[in-house]
Amino acid sequence: MCTLTWRYSQDGYHLHFNRDESRLRPRGTAPDLHMQNGVRFIAPIDPQAQGSWILCNQNGFSACLLNNYIDITPVEGQRSRGLLVRDLSCAANVNEAISRISAEDISRYQPFDAFLFDFAESSEVSWNGRQMLISPTTEHHGFKSSSGFDAENVIAGRRAQFQQVDENRNSLRDFHRSHFPEKSAYSVCMHREDACTQSYTEILMTHKTARMSYIDGPPCSGTASAGLELPLKTQ
């Protein structure tokens, strides 16, 4: 259960992400600066598995992951999908990230949809438990959502709402905290008895800096933390 939107512009790109999780799962920690293989990156961390669901780095690369609830299958020797995201934290670009995923024993992971971004391109890597598909995302203004509850209707409703959204940052922020048609399992800012939108993350990537903003809790009422900014490496 998550929702991602993105927009490319002449300045770079914006990502917006609602993380929906069980109310019993520990909340993620606020984004912090990390380093892997000499590359600095910003990411929130899942305290349960020590992985992440979204990150951006000083190379101008970003990655995020949505769980695929439709194709969930038994996995022997299962590894957290969030650790796969952290494995991509030092990628130079989308192509390198795809190479890293392709070199993985992908059968260790539950199904997912991973989205990869750099200044030149973006791609979706989908794993359904049997086959991995890699597809360029040709839209400069895009949307993806997942749900473990009435997925077909939840996603269709959110997609229809997204098609009415303007491409500016404020409109996308409003979309992610919206309660259309009501505050429920069907709204983008999701509220159920057993689960809810646990956080909202925004990445603003320009040719000079990577910036991540974060709201702990549902974006309609959560607490915003101070944004973190990371200068990009000079090319």
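Given the structure is predicted, the values throughout are model-derived calculations rather than measurements.

### Brief notes about the side chain of Ser62
If you trace the backbone, Ser62 turns up in strand E6 (residues 62-67). Residue Ser62 is classed as buried on the basis of its relative accessible area, which comes to 0%. At 2.9 Å, the side chain of Ser62 and the side chain of Tyr13 are in polar contact. Those residues in contact with Ser62 that sit more than four places away from it in its chain are Tyr13, Leu15, Leu55, Cys56, Phe115, Leu116, Phe117, Ile203 and Met205.

### Section: the layout of surface pockets
If you add up the space inside the largest pocket, you get close to 340 Å³. Taken together, 18 residues form the lining of the largest pocket, with Glu21, Arg25, Asn67, Arg81 and Gly82 sitting closest to its centre. Taken together, the elements giving at least two residues each to the lining of the largest pocket come down to strand E2 (12-22), E6 and helix H1 (81-87). Considering only residue class, the lining of the largest pocket consists of 4 nonpolar, 8 polar and 6 charged. Of the voids in this model, the second largest pocket is the one considered here, and its volume is about 210 Å³.

### Here we look at the sheet that holds strand E8 (residues 122-127)
Pairing in this open sheet of 7 strands is antiparallel, and the strands run E3-E4-E5-E6-E7-E8-E9 from one edge to the other. If you trace the sheet from one side to the other, it starts and ends with strand E3 (29-36) and strand E9 (132-136), each paired once. Recorded for the sheet is a direction-independent mean angle of 15 degrees between the axes of neighbouring strands. Where strand E4 (residues 39-45) meets strand E5 (residues 54-57), 2 bridges bridge the pair, whose relative direction is antiparallel. The partner of Ile42 across the bridge, within E5, is Cys56.

### Structural notes on the environment of Cys90
Tracing the backbone through its elements, the reader meets Cys90 in the loop between H1 and helix H2 (94-102). A relative accessible area of 7% means that Cys90 is categorised as buried. Each C-alpha atom, one on Cys90 and one on Arg40, is 7.4 Å from the other, the two residues being 50 residues apart in sequence. Those residues in contact with Cys90 that sit more than four places away from it in its chain are Gln36, Asn37, Val39, Asn57, Asn59, Glu96 and Arg100.

### Thoughts on the confidence of the model for the protein chain
The predicted coordinates should not be examined in detail at positions where pLDDT is low. Averaged over the protein chain, the pLDDT score is 93; the fraction of residues at 70 or greater is 99%. When mean pLDDT is taken per element in the protein chain, E5 scores highest with 98 and helix H4 (residues 169-176) scores lowest with 90.

### Concerning the packing of aromatic side chains
Summed over the entire model, instances satisfying the criterion amount to 10 aromatic pairs. Aromatic side chains Trp6 and Phe115 sit 5.5 Å apart centroid to centroid with 40 degrees between the ring planes, which places their arrangement in the tilted category. Remark: Phe115 occurs in strand E7 (residues 112-117) and Trp6 occurs in strand E1 (residues 2-9); sequence separation between them is 109 residues. Comparing Trp6 with Phe115, the two get one shared label, buried. Judged by centre distance (5.7 Å) and plane angle (65 degrees), the ring pair of Phe162 and Phe175 falls under edge-to-face. Separated by 13 residues along the polypeptide, Phe162 in helix H3 (residues 151-162) and Phe175 in helix H4 bring together distant segments of the chain.

### What to know about H3
Taking 1.5 Å per residue, 12 residues should reach 16 Å; H3 reaches 16 Å between its end C-alpha atoms and fits that length. Looking only at H3, the buried set comprises Ala151, Val154, Ile155, Arg158, Gln161 and Phe162. Angularly, the buried residues of H3 cover 125 degrees about the axis, an arc narrow enough to put them on a single face. Here the buried face of H3 lies against E1, E2, strand E10 (141-146) and H4.

### Comments concerning the pattern of salt bridges
Evaluated as defined, the whole model comprises 12 salt bridges. Among the ionic pairs, Asp174 bridges to Arg177, the shortest N-O distance being 2.5 Å. Taking the shortest distance from any N to any O, the salt bridge between Asp194 and Arg192 comes out at 2.9 Å. Judged by its relative accessible area of 17%, Arg192 is buried. Several salt bridges share partner residues, and in doing so they unite Asp113, Glu124 and Lys144 into one network.

What counts and how
Every chain's residues receive numbers from 1 upward, in the order its sequence appears when written. Restriction of local features to residues with pLDDT of at least 70 applies here, the model being predicted, together with a cutoff of 80 or more for giving and counting side-chain atom pairs; totals for whole chains, interfaces and linings are based on all residues. Derived side-chain values reflect all non-hydrogen atoms in the structure, with water molecules and hydrogen atoms excluded from consideration. Here a strand is any run of E in DSSP of at least two residues, a helix any run of H or I of at least four, and the numbering for each starts at the N terminus. Between buried and exposed lies partly exposed: a residue is buried under 20% and exposed over 50% of the maximum accessible area for its type, with that area taken using a 1.4 Å probe on protein chains only. Polar contact criterion, stated in full: a pair of N or O atoms within 3.5 Å, where within protein one must be able to donate a hydrogen and the other to accept it, and residues adjacent in sequence count only if both atoms are side-chain atoms. The contact criterion used throughout is that any non-hydrogen atoms of two residues lie within 4.5 Å. Using only the protein atoms, space was sampled on a 1 Å grid; points where a 1.4 Å probe fits but cannot get out form cavities, open sets with protein on both sides within 12 Å along at least five of seven lines form pockets, and lining residues are those with an atom within 4 Å of a point. Grid points are joined across faces, edges and corners, and a volume is the space filled by probe spheres set on the points. As a working rule, the residues Ala, Val, Leu, Ile, Met, Phe, Trp, Tyr, Cys and Pro are called nonpolar, Asp, Glu, Lys and Arg charged, and the rest polar, with Gly in that last group. We call two strands paired when DSSP finds no fewer than two bridges between them. Between N-to-C directions, angles span 0 to 180 degrees; the directions come from axes that are lines fitted to C-alpha atoms, helices contributing only their stretch in contact. Summary of the metric used: pLDDT quantifies the predictor's per-residue confidence within the range 0 to 100. Stacked, edge-to-face and tilted are the three classes for Phe, Tyr and Trp ring pairs, Trp counted by its six-membered ring, which pair at centre distances within 6.5 Å; planes under 30 degrees apart are stacked, over 60 edge-to-face, the rest tilted. Helix span is expected to be 1.5 Å times the residue number reduced by one. Our arc is simply the arc of the directions from the helix axis toward the C-beta atoms. We define a salt bridge as a contact between a side-chain nitrogen of Lys or Arg and a carboxyl oxygen of Asp or Glu at a distance within 4 Å.

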